[in-house]
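Residues per chain are reported as follows:
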Amino acid sequence: MAVTSATDATEAQSAPILPLAVRDLVLRFGDVTVLDGLSLDLGASGCTMVMGPNGSGKSLLLKLLHGLTQPTAGQILWGRHAAAEITARQALVFQKPVLLRRSVVDNIDFVLKARGKDRAQRDVLLDHVGLAHKADQPARLLSGGEAQRLALARALSTDPEVMFLDEPTASLDPASVLAIERIVNDARDRGVRIIFVTHDMGQARRMADDVVFLHGGRVAEHSPAPDFFPEPRCAAARDYLNGRIVV
Amino acid sequence: MALVLSGNADLLEIVALSLQVSLTATAIACLIGLPIGALVAIGRFPGRNAVLIVMNALMGLPPVVVGLLAYLHLSRSGPLGFLGLLYTPTAMIIAQTILIAPIVAALSRQVLEDLHAEYAEQFCSLCLTRFQTIQALLWDARYSLLTVGLAGFGRAVAEVGAVIIVGGNIDHLTRVMTTAIALETSKGDLALALALGIILLIIALGVNAAVQSVRMTAARQAYV
Amino acid sequence: MLARRLTATAAALIIGGAAWAQDQSIIVQSTTSTANSGLYDYLLPIFQGETGIQVNVVAVGTGQAIKNAENCDGDVLLVHAKPSEEKFVAAGFGTERTDLMYNDFVIVGPSADPAGVGGMNDVQGALAKIAGEGALFASRGDDSGTHKKEIALWNDSGVDPTAASGGWYRETGSGMGATLNAGIGMGAYVMTDRATWISFGNKQDYTIAVQGDEDMFNQYGVIPVNPAKCPSVNVDAAQTFAGWLVSDEGQDAIAAYKVADQQLFFPNAPEN
């Protein structure tokens, strides 16, 4: 990956990482092209909902932006930084939360300790996600919604500047979905940049400041939410919104 | 048989030494084997497959060969002879450690690799160092690793080939369950040999039951 | 006693076993027959009571015992293969070889006596007959004192049994007890020292078939390991032990050891 300017460690920890500029991103696995020259610009704040049909590369795009995967070609610039340099300043919440085989509170403590952060804030976090009463219970016995709230608390414990969410509410009950949306909204209001993959149209409408619609390995449309939902410009997004099968 | 059932002092001494030697060897083998298993589990380096093959092959080390190698090194005429360790419990611990460290390393490698497959992406996202990753894997796999340690202990406490060579089966000094069984068999006292064998079996059952109950408690908390 | 032993063992583990190398303990590289017969269990407490010296016995075949002693892994050698022992001393590994005691070898066999050698006292004749009948014979095959003696007797009888190895001649490659177990299991004749046989616990229907030939005499010798070759040797304690064994007192103790009312070893150290 090309890096336009040399950045030293101190700068990587302090220089602004927003806005985001993605240019001509290509991701191939053998003969399969997942992303085919994707370009995207994201502003410094708000909640971007990433939508698109299955297989359009939404999850892989998050991993590329988070620096977990290297692109075949193209450029990702967070401010002046390559994605892999600033992974630690971001957090990713997976669709299926990966929880350690420990108690709820130990899942948070683990991250705070690994990052050398003050453990005092864990109680505030657990309270914030509504898990204070389950602090000492085994994390892997939590319900789906509780587990995802713990994953969110853990992600927030790193004080991320950007938070990626990859369909975090898929297959959760409505109350859990709303609880998670509230937590994400709170984070956004405190200035965390949210990049959120979802298939849930209602969720997208509730949360979005802007919408990125992926199709054919590229950004088919990127519009502010008030423009996107009433009248998507691209045909694939229209079909998708109307519930037609999009390939 | 009456001797066995009455808890004769000599017998207790033999049982105690067996446990002491094999448990110590298991502990040391874990200290050596677990980090190696963890490094190989999370590492991607050239020659990794060769390392895996060697690790798995070493699991089948014949105890007699280990005993012989240990003897050649610990013998007064060997390179480590100046330590004066031959025919001591320490020598037996060394031999058993060599015997079971590869077992601990190879089995823990498998356990940790499976767990790492689950955790890897999350850990990358959290930017954990290699050391933090290994620490977390070892801790989260602790109940599975208990079984790995048990496999090592089982092999250590049951083997006779290595300890009889480096320990010498000296009465009141290096006589353990298995060498005592070999001795009684060679004396033709098959009943006593069998009785000792039954005690060994009971010990093995007891240790396994204890570990199993710990695992079940852990499983109820979804910690396994 | 047990607690003290455990504490001592724990201490040894901590300081790397050095505690066992203390002045007042020696290692005897011994043949299995003397150990399996229970002789040491009888002698050593008497000796330790008098001198305070702890004697640790490593019981292996004579061949391995000599090899171990040559590696300096023992302070005293107590075996029964005179030519090998003399070679050991001549090579400088031992200070001096002394006759200690004797017993004799016997050939034991199943009560059915397939070779018809029961009651014979001509060992060469009996061996030739066993070979002639092709009756099973289990040999130690482990380069031990007993094995060396057996080979010498076969040579005298003009039979090369190794030609039938795997046939009627079965080499177990094991100690005396293991070979007896194997031989009895397969119904084979076995040559054993009398002491091992008397104290052996798994005789089944076996009895002594051949005994009483002068050629079956089994001489044990004792040799302190030479400190010139092996500086690690606990020379004073080793000399004390060897000296005690051949003293009147040690010889009397050997003569007094009995199993099933039978004397197992006959002291014959030269008069001091």
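Criteria and thresholds
- Residues numbered from 1 in each chain as written.
- Chains lettered and ligands numbered in written order.
- Predicted model: local features only at pLDDT ≥ 70, side-chain atom pairs only at ≥ 80, totals over all residues.
- Helix = DSSP H or I, 4+ residues; strand = E, 2+ residues; numbered from the N terminus.
- Rg over C-alpha atoms; globule rule 2.2 N^0.38 Å.
- Contact = placed C-beta atoms within 7 Å.
- Nonpolar A, V, L, I, M, F, W, Y, C, P; charged D, E, K, R; others polar.
- pLDDT = per-residue confidence, 0-100.
- Pairing = 2+ DSSP bridges.
- Axes fitted to C-alpha atoms, helices over the stretch in contact; angles between N-to-C directions.
- Buried ≥ 20, exposed ≤ 12 C-beta atoms within 10 Å, placed from the backbone.

## Topic: the overall build of chain A
- In terms of helices and strands, chain A carries nine helices and nine strands.
- Taken against the 2.2 N^0.38 rule, which gives 18 Å for 247 residues, the C-alpha radius of gyration of chain A at 18 Å falls within 12% of a compact globule.
- When its C-alpha atoms are laid out on the principal axes, chain A stretches across 50 × 45 × 35 Å.
- Restricting to contacts in chain A with at least 6 residues of sequence separation, those with at least 24 account for 68%.

## Overview of the interface of chain A and chain B
- Taken together, the contact between chain A and chain B spans 16 residues of the former and 15 residues of the latter.
- Going through the elements one at a time, strand S5 (90–93) and helix H3 (104–114) of chain A are the ones with two or more residues in the side of chain A that touches chain B.
- If one sorts the elements of the side of chain A that touches chain B by residue count, H3 of chain A sits on top with three residues.
- Residues that form the side of chain A that touches chain B fall into these classes: twelve nonpolar, two polar and two charged.

## What about the environment of arginine 44 of chain B?
- Relative to the helices and strands, arginine 44 of chain B is located in the loop between helix H2 (9–42) and helix H3 (48–58).
- For arginine 44 of chain B and leucine 80 of chain B, which are 36 residues apart along the polypeptide, the C-alpha to C-alpha distance reads 36 Å.

## Quick look at the interface of chain B and chain C
- The interface is formed by 32 residues belonging to chain B together with 33 residues belonging to chain C.
- Those elements giving two or more residues to the side of chain B that touches chain C turn out to be H2, helix H5 (89–125) and helix H9 (177–186) of chain B.
- Ranked by residues supplied to the side of chain B that touches chain C, first place goes to H2 of chain B with seven residues.
- Tallied by class, the residues present in the side of chain B that touches chain C amount to 13 nonpolar, 14 polar and five charged.

## Brief notes about the confidence of the model for chain B
Residues and elements named next belong to chain B.
- Across chain B, the average pLDDT comes to 92, with 97% of residues at or above 70.
- Mean pLDDT per element in chain B: helix H1 (residues 2–5) is the minimum at 54, and H5 is the maximum at 96.
- As scored by the predictor, the complex reaches a pTM of 0.83 and an ipTM of 0.87.

## Brief notes about the arrangement of the chains
- Contacts are most numerous between chains B and C, considering all two pairs of chains that are in contact.
- No part of chain A reaches chain C; the closest C-alpha pair between them is 35 Å apart.

## Focus on the sheet that holds S5 of chain A
Residues and elements named next belong to chain A.
- Ordered by their spatial adjacency, six strands build an open sheet running S5-S6-S7-S3-S8-S9, and the pairing between neighbours is mixed. Bordering the open sheet on either side are S5 and strand S9 (218–224), each of which pairs with just one other strand. For this sheet the average axis-to-axis angle between neighbouring strands, irrespective of direction, equals 15 degrees.
- On top of the sheet, helix H6 (residues 174–189) reaches strand S3 (47–51), strand S6 (162–166) and strand S7 (193–197); it is set at about 145 degrees to S7, its chief contact.

## Considering the pairing of S3 of chain A
All names here are of chain A.
- Counting buried positions along S3 gives five out of five residues, so the element sits mostly inside the fold.
- Neither face of S3 is open: one carries Cys47, Met49 and Met51, the other Thr48 and Val50, and all of them are buried.
- Looking at chain direction, S3 and strand S8 (residues 210–215) are connected through four bridges and run parallel. Looking at S8, one finds that valine 50 is bridged to valine 212.

## Focus: the sheet that holds strand S4 (residues 73–78) of chain A
Residue and element names in this part refer to chain A.
- Reading across from one edge, S2-S1-S4 is the order of the three strands in this open sheet, with antiparallel pairing throughout. Only two strands of the sheet have a single partner each, and these edge strands are strand S2 (32–42) and S4. Each strand axis lies, on average, 20 degrees off the axis of its neighbour in the sheet, ignoring direction.
- Strand direction decides the pairing type here: strand S1 (residues 20–29) and S2, joined by eight bridges, are antiparallel. Its bridge partner being in S2, phenylalanine 29 is matched across the sheet by valine 32.

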